[in-house]
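# Structure at a glance
One-letter residues, chain by chain:
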Amino acid sequence: MISHFQVVFCCSGWVMYSGERIVFIDTARTYALILALLSHAIPTFGVPDVGGWIMNYPIFTTMATPLFIFMFGVMMEIVYVKRAKKEGVASAGRRMFKRAYQCYLSSALVSLAALLGGYISLTVFFSSLVFIENSRYTDILFTYAGALLMMPIILRFRLKHGHLALMPLFLAVVLLTHVISFSKNIDLGFFGVFINQLIGAGDVTNNPSVLGAFIFILLGMIAGQFVLQGDKVYLFSAVAGGACLIASLLVWGITENGSVKELMTEYAYGRLRSAGSILYFLMGSFYCLATLSLIKFVVERFPKLHGIAAFLSPLGKHSLLAFALGNILLNLWGPTGRILLAPSLAIPVFFIIVYIFCRYQQKIPTYGFWQRLFNAQNPVGNLK
């Protein structure tokens, strides 16, 4: 559909390292994308009737947002840091600004689909375009756009001080986000939604904010450097992930005095995310590192899985397209669409449609129009 409507956190399809593809990184990106779309598809279509175990799906889908953003950070380190060293931060910044524009345009189209699908009013649609109202399934696109606009500052800091200097910055953002979370009882009025999406302040419950997302981004950038060092990523994941888990248990024990099962339940079913709790970011960081290491181990231990990874790669390769298109389809489905197909059939059909669009985007009618539009070029012309 759109050639440059690519993964927002990667400037090429398969990640290359020493002349070979880093298959487990592409697999992790694809897994994050599938979880993200699944977390939206189930509320739209309903829970598939495949057994009682499926009711525990939030345990997995709640990992989607942290992992999605974390992989953004990994790709920033692997791709954009290298590019900034070669071409300069200004050149990399221009590319990021373009990606931010693509995210905003994607958000507008997803919001338009929510209007057409009957989920939001015309007033909410126009308000969502200027970030004073929430639309359906657009929050993460705002987060990406904001993060991309701020990334040149992080890149300069990273190039000047090295990747390990990102760790104290990571801890500083964790503490700042924690302090801001105490403002949840404050009504910020007209600009409440915008301020909440930007820094997480106020009584709106859109998390993670752009500021909070940098917890996962910075951690991903640090992990990305260890990915380039091979198996050292295991050691980093064990140390950093273990520290995040221990910190989570300590904070949970002090503040709630609950069991580990209760902590996992609160994380999985969204209360910690809605509250902007430090526990959400600590647990999310632990899950990201554990998932990355597990995927690396499984993919590299069982080479036959490379074929499956390659088959699914269009989803990870074109993550922005897949995410935006998937949410457009879910919004167009509308509140009454659930009765048309059973969830156990609707969800597979949904993913098949998204996959076909990603794999054969250049064959889709009006491909040229969308290509030019998303590359900030004059979209009027001969359509392919």
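Model, not experiment: these values are computed from the prediction. (Residues numbered from 1 in each chain as written. Predicted model: local features only at pLDDT ≥ 70, side-chain atom pairs only at ≥ 80, totals over all residues. Heavy atoms only, no water.)

Right, let's get into the packing of helix α3 (residues 64-87) against helix α9 (residues 210-227). Running from N to C, α3 and α9 cross one another at 50°; their axes reach a closest spacing of 7 Å. Judged by the inter-axis angle, α3 sits oblique to α9. Of the two elements, α3 crosses α9, and the hand of that crossing is right-handed. Across the interface between the two elements, Pro 66, Ile 69, Phe 70, Phe 72, Gly 73, Val 74, Met 76, Glu 77, Ile 78 and Val 81 from α3 touch Ala 213, Phe 216, Ile 217, Leu 219, Gly 220, Met 221, Ala 223, Gly 224, Gln 225 and Val 227 from α9. Residues of the contact of α3 with α9, tallied by class, amount to 15 nonpolar, four polar and one charged. (Axes fitted to C-alpha atoms, helices over the stretch in contact; angles between N-to-C directions. Helix = DSSP H or I, 4+ residues; strand = E, 2+ residues; numbered from the N terminus. Parallel < 35°, antiparallel > 145°, perpendicular 65-115°, else oblique. Left-handed = near helix turned anticlockwise from the far one by under 90°. Contact = heavy atoms within 4.5 Å. Nonpolar A, V, L, I, M, F, W, Y, C, P; charged D, E, K, R; others polar.)

A contiguous nonpolar surface patch, about 400 Å² in accessible area, is contributed by Leu 340, Leu 341, Leu 345, Val 349 and Ile 353. A relative accessible area of 61% means that Leu 340 is categorised as exposed. (Patch = residues over 30% accessible without salt bridge, like charges linked within 9 Å, V, L, I, M, F, W, Y side chains within 5 Å. Areas by Shrake-Rupley, 256 points an atom, 1.4 Å probe, with all protein chains shown as cover. Salt bridge = Lys/Arg side-chain N within 4 Å of Asp/Glu carboxyl O. Buried < 20%, exposed > 50% of the residue type's maximum accessible area, 1.4 Å probe, protein only.)

So, about helix α11 (residues 260-268). Restricting attention to buried positions, one finds in α11 the residues Leu 263, Tyr 267 and Ala 268. Buried residues of α11, seen end-on, are gathered within an arc of 125° and therefore sit on one face of the element. Next to the buried residues of α11 lie α2 (58-61), α3, α10 (232-255), α12 (271-274) and α13 (278-301). Looking one or two residues past α11, Gly 270 carries a phi angle of roughly 95°, positive in sign. (Arc of directions from axis to C-beta.)

What follows is about α13. The terminal C-alpha atoms of α13 lie 34 Å apart, and with 24 residues this matches the ideal 34 Å at 1.5 Å per residue to within 8%. Here α13 lies mainly inside the structure; 18 of its 24 residues are buried. Regarding α13, its N-cap is Ser 277, as a side-chain oxygen of that residue lies 3.0 Å from the backbone nitrogen of Leu 279 further along. (Expected span 1.5 Å × (residues − 1). Polar contact = N/O pair within 3.5 Å; in protein donor to acceptor, adjacent residues only side chain to side chain.)

Looking now at the confidence of the model for the chain. With 90% of its residues at a pLDDT of 70 or more, the chain shows a mean pLDDT of 86. Low pLDDT, under 50, characterises residues 1-19; the stretch is placed with 80 contacts to residues that sit more than four places away or in other chains. (pLDDT = per-residue confidence, 0-100.)

What follows covers the packing of aromatic side chains. Applying the stated criterion across every chain yields a total of 22 aromatic pairs. Ring centres 5.4 Å apart and planes at 40° place the aromatic pair Phe 72 and Tyr 144 in the tilted group. Taken as a pair, Phe 72 in helix α3 and Tyr 144 in helix α6 (residues 139-161) lie far apart in primary sequence, 72 residues in all. Looking at Phe 72, the relative accessible area reads 0%, which means it is buried. Relative to Phe 194, the ring of Phe 131 lies with its centre 6.3 Å away and its plane at 35°, an arrangement referred to as tilted. Here the residue Phe 131 occupies a position in the loop between α5 (122-129) and α6, and Phe 194 occupies one in helix α8 (residues 192-199), the gap between them amounting to 63 residues. For Phe 131, a relative accessible area of 22% gives the class partly exposed. Each member of the aromatic cluster is reached from another via a ring pair, and the members are Phe 216, Tyr 267, Tyr 280, Phe 281, Phe 286 and Tyr 287. A cation over an aromatic ring shows up here: Arg 136 above the ring of Tyr 119, its NZ or CZ 3.7 Å from the ring centre. (Phe/Tyr/Trp six-rings, centres within 6.5 Å; stacked < 30°, edge-to-face > 60°. Lys NZ or Arg CZ within 6 Å of the ring centre and 35° of its normal.)

In this section: the pattern of salt bridges. Under the counting rule described, the total for this entry stands at eight salt bridges. Put simply, Arg 83 and Glu 87 hold a salt bridge, and the shortest N to O gap is 3.8 Å. Taken together, the positions of Arg 83 and Glu 87, both in helix α3 and four residues apart, correspond to about one turn of that helix. For Arg 271, the salt bridge goes to Glu 266, with nearest N and O atoms at 2.6 Å.

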